[in-house]
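In case you want the letters, here they are:
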Amino acid sequence: MSILRLTFLGTSAAQPTLHRNLSGLAVKADSDLLLFDCGEGSQRQMVRFGTGFTVDAVFFTHFHADHYLGIIGFLRTLGMMGRDSPVQLYGPPPARRLLNQAVHLGVETLSFPVEFHELRDGDKVERRGYTVQAVGVDHRINALGYVLQEDERPGKFNLEKAKAMGIPSGPIYGQLQRGETVTLPDGRTIHPDEVVGDTRPGRRLVISGDTRPCQSLVRAAKDADLLIHESTFSDDEQARAHETRHSTAREAAQVARDAGAKRLILTHLSSRHDTDPSRLLIQAREEFKGPVEVAYDGLTVELPLRD
């Protein structure tokens, strides 16, 4: 997997504002395009920010209306565009019932199959080059976070050593890079570990969804390249955070710190912090010393390959 690119489609909590749409995140994972949540207006944001509509799968964190109602119009648009390949929809129970109702709202019949999948804590979806794992979190209703984990990558090919060993260039190099043992024209057998270094770890992206800070997410985000954590409230709204089962920016940063995450992005902001999230950023930086920023609609982030 060469590309891992994120585009924030919506960063507001509960209701849209002039500046922030409802929850939605587009993730380009090599040739795949995934959505994590699909709040109202997500498809317009996809047009606005140029993500394209060739979505392979949608992962819902939970079924509060601001996180999933946008799927109704989005699927209708795909139908009008002539899509015929299936769309996979994933989420915690009652995903099958709720999504089936949403998909079949109205009289139009979709021109493509929609397949529903319910996930529980620990379930994994295997995709080409990576997995998406569900993580149970602490919200008012059944809710999940998600871990996108890239597969281990082959080690680096030592071109100079290969030449010094007299290995002819061409397809044989590719075979060795892929971990295959080869026999040279002169009869010698070459094993991959003779010219290929140790395997390299894959990238790890963690998405909290709506949640109180919880140990399951700390464990999931261990050594993550990026943790995207909701930060609906600031310190002076702590009681409200407990009441609604959301997190403050400080608490999000504590999760990132305890997990040893490399980077933190805050999202799902209360309208009180719509245009000025500086308090959230200050409070988070008091707890987490790595790079931290507040997401905005249209923010695009590319996660570099690990060495």
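This text goes with the structure placed above it.
Before going into details, it helps to say that this report is about the structure given with it. Predicted model only: the values in this text are computed from it and were never measured.

Some details on the overall build of the protein
(1) Moving on: Along its length, the protein carries 10 helices and 16 strands.
(2) Moving on: Projected onto its principal axes, the C-alpha positions of the protein cover 70 × 50 × 35 Å.
(3) Moving on: Each of the 307 residues in the protein was classed as buried or not, and the buried ones make up 53%.
(4) Moving on: Across the protein, the fraction of contacts at a sequence separation of at least 24, relative to all contacts at a separation of at least 6, is 64%.
(5) Moving on: Accessible surface for the protein amounts to roughly 13,700 Å². Of this, 50% is attributable to carbon and sulfur atoms.
(6) Moving on: When the 37 positive and 41 negative side-chain charges of the protein are each reduced to one mean point, those points stand 1 Å apart.

Remarks on the environment of alanine 65
(1) Moving on: The residue alanine 65 is located in helix H2 (residues 65-68) in this model.
(2) Moving on: Taking the relative accessible area as the measure of exposure, alanine 65 reaches 41% and is therefore partly exposed.
(3) Moving on: Each C-alpha atom, one on alanine 65 and one on serine 247, is 19 Å from the other, the two residues being 182 residues apart in sequence.

Focus on the nonpolar core
(1) Moving on: Within the largest apolar cluster, 28 residues are counted, with the highest numbers of intra-cluster contacts made by Val27, Leu34, Phe36, Phe59, Val132, Leu205 and Ile228.
(2) Moving on: Elements represented by at least two residues in this core include exactly strand E1 (4-10), strand E2 (24-29), strand E3 (32-38), strand E4 (57-59), strand E8 (130-136), strand E9 (144-150), strand E12 (204-207) and strand E13 (226-230).
(3) Moving on: Those residues in contact with phenylalanine 36, other than ones at most four positions away along the chain, are Gly24, Leu25, Val27, Phe59, Val132, Tyr146 and Ile207.

Structural notes on the pattern of salt bridges
(1) Moving on: For the structure shown, the criterion picks out 23 salt bridges.
(2) Moving on: Taking the shortest distance from any N to any O, the salt bridge between aspartate 236 and arginine 272 comes out at 3.5 Å. Linking aspartate 236 in the loop between E13 and helix H8 (238-244) with arginine 272 in the loop between strand E14 (264-267) and helix H10 (278-285), this pair joins segments that are 36 residues apart in sequence.
(3) Moving on: Between arginine 263 and glutamate 293 there is a salt bridge; the shortest N-O distance is 2.7 Å. Taken together, the residues arginine 263 in the loop between helix H9 (249-259) and E14 and glutamate 293 in strand E15 (residues 292-294) connect sequence positions 30 residues apart.
(4) Moving on: Because the salt bridges share partners, they merge into one network encompassing Asp235, Arg250, Arg257, Asp258, Glu286 and Glu287.

Calculation criteria
- Residues numbered from 1 in each chain as written.
- Predicted model: local features only at pLDDT ≥ 70, side-chain atom pairs only at ≥ 80, totals over all residues.
- Heavy atoms only, no water.
- Helix = DSSP H or I, 4+ residues; strand = E, 2+ residues; numbered from the N terminus.
- Buried < 20%, exposed > 50% of the residue type's maximum accessible area, 1.4 Å probe, protein only.
- Contact = heavy atoms within 4.5 Å.
- Areas by Shrake-Rupley, 256 points an atom, 1.4 Å probe, with all protein chains shown as cover.
- Lys, Arg positive; Asp, Glu negative; His and termini not counted.
- Charge placed at Lys NZ, Arg CZ, Asp CG, Glu CD.
- Core = buried A, V, L, I, M, F, W, Y, C linked by side-chain atoms within 4.5 Å.
- Salt bridge = Lys/Arg side-chain N within 4 Å of Asp/Glu carboxyl O.

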